[in-house]
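Here is what each chain is made of, one letter per residue.
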Amino acid sequence: MTYGRYAQIRPLDIANGNGIRVSVFVTGCSHHCKNCFNEPYQDPRYGERWSEETTRELIAYLSRPEVAGLTLLGGEPMENTWLADVLETVRKAVDKSVWIYSGYTFEEILEDPDKKRLLALCDVLVDGPFIEELKNLKLAFRGSENQRILDVQKSLEQNAPVEAPKKDTQQ
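Here the structure is a predicted model, which is why all the values come from computation and not from measurement. (Residues numbered from 1 in each chain as written. Predicted model: local features only at pLDDT ≥ 70, side-chain atom pairs only at ≥ 80, totals over all residues. Heavy atoms only, no water.)

When two helices pack together, their arrangement is captured by the angle between the axes and the distance separating the axes. Between helix α1 (residues 52–62) and helix α2 (residues 83–93), whose axes approach to 10 Å, the crossing angle comes to 40°. Comparing their axes, α2 and α1 come out oblique. In the packing of α1 onto α2, the handedness of the crossing is right-handed. Taken together, the residues of α2 that come into contact with α1 (itself represented by T55, L58, I59 and L62) are V86, T89, V90 and A93. Partitioned by chemical class, the residues of the contact of α1 with α2 number 6 nonpolar, 2 polar and no charged. (Axes fitted to C-alpha atoms, helices over the stretch in contact; angles between N-to-C directions. Helix = DSSP H or I, 4+ residues; strand = E, 2+ residues; numbered from the N terminus. Parallel < 35°, antiparallel > 145°, perpendicular 65-115°, else oblique. Left-handed = near helix turned anticlockwise from the far one by under 90°. Contact = heavy atoms within 4.5 Å. Nonpolar A, V, L, I, M, F, W, Y, C, P; charged D, E, K, R; others polar.)

Below, the structure is given as structure tokens:
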């Protein structure tokens, strides 16, 4: 199995999805959004190489009862489609929600089978690039007003973006 790189794992994070979450920040991103909050993570050579041991560590973090789920962000998770293999293993071990952040829109993700495979293993997608001119610090779980919080499974069923219920996306 060939894995990519990650910059950090936050075992207890309350900023990137509902509840207490484990957040994985992967590296590598071609979007280069103006004023990106994780600019060093754009470099695909930055960070540590993911391993089977990293997957076991992730599962241990997710197994804690106070943890509501996993969040994947970066960098750009959709440019790290090896995460689908990790998620398949994680999903067999723990039953927790999975959020994924992507600069790609739902519609763009559907055009690529590898990205769509990764998306299908997730529950919530925060999609769209960060746009500095649309930045709004009052938004929960988003950086700019163009970004959407989508219910992945309903969106895939309808083959169209479906907003996640507000109760699931508020702090």
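Quantified by volume, the largest pocket comes out at close to 720 Å³. Taken together, 33 residues line the largest pocket, and the ones lying closest to its centre are F37, Y101, F130, G143 and Q147. Looking at the lining of the largest pocket residue by residue, the classes come out as 15 nonpolar, 14 polar and 4 charged. (1 Å grid on protein atoms, 1.4 Å probe; cavity = no way out; pocket = protein on both sides within 12 Å on 5 of 7 lines; lining within 4 Å. Points joined across faces, edges and corners; volume = space filled by probe spheres on them.)

One pass over the full model with this rule turns up 11 salt bridges. Salt-bridge contacts for E53 lead to R56; the nearest nitrogen and oxygen are separated by 3.0 Å. Residue E53 and its partner R56 are both found in helix α1; the two are separated by 3 residues, about one turn of the helix. Relative accessible area serves as the criterion here: at 46%, E53 is assigned to the partly exposed category. Here R56 falls in the partly exposed class, since its relative accessible area comes to 48%. The residue K115 makes a salt bridge to D112 at a minimum N-O spacing of 3.3 Å. (Salt bridge = Lys/Arg side-chain N within 4 Å of Asp/Glu carboxyl O. Buried < 20%, exposed > 50% of the residue type's maximum accessible area, 1.4 Å probe, protein only.)

Generally speaking, soluble globular proteins have nonpolar side chains that are buried together. Ranked by size, the top nonpolar core spans 33 residues in total, and within it W50, L58 and L70 carry the most contacts. Of all elements in the fold, only β1 (5–13), β2 (21–26), α1, β4 (69–73), α2, β5 (97–102), α3 (106–110) and α4 (113–120) reach the threshold of two or more residues within this core. Here the element with the most residues in this core is α2; it accounts for 5 residues. Ignoring any residue separated from it by four or fewer positions in sequence, one finds W50 in contact with Y3, G4, R5, Y6, I9, V24, T55, L58, W82 and V86. Y41, L73, V124 and F141 belong to the second-largest nonpolar core, a separate cluster that totals 11 residues. (Core = buried A, V, L, I, M, F, W, Y, C linked by side-chain atoms within 4.5 Å.)

This part takes up the sheet that holds β2. Read across the sheet, 7 strands follow the order β3-β1-β2-β4-β5-β6-β7 without closing on themselves; strand pairing throughout is mixed. Only two strands of the sheet have a single neighbouring strand rather than two, namely β3 (48–49) and β7 (148–151). Sheet topology note: the β4/β5 ladder contains 4 bridges and is parallel. Residue pairing in the sheet places L70 in a bridge with V98 of β5. The sheet contacts of α1 involve β1, β2, β3 and β4, and relative to β1 the element is tilted by about 15°. Taken strand by strand, α2 contacts β2, β4 and β5, and its axis lies near 175° from that of β4. (Pairing = 2+ DSSP bridges.)

The next subject is the packing of aromatic side chains. Taken as a whole, this structure holds 6 aromatic pairs when the rule is applied. On the basis of an interplanar angle of 75° and a centroid distance of 5.1 Å, the ring pair of Y6 and W50 is categorised as edge-to-face. Placement of Y6 in strand β1 and of W50 in the loop between β3 and α1 is noted, with a sequence separation of 44 residues between them. Of the two residues examined, Y6 and W50, each falls in the buried class. Between W50 and W82 the ring centres are 5.6 Å apart and the planes differ by 50°, which places this aromatic pair in the tilted class. (Phe/Tyr/Trp six-rings, centres within 6.5 Å; stacked < 30°, edge-to-face > 60°.)

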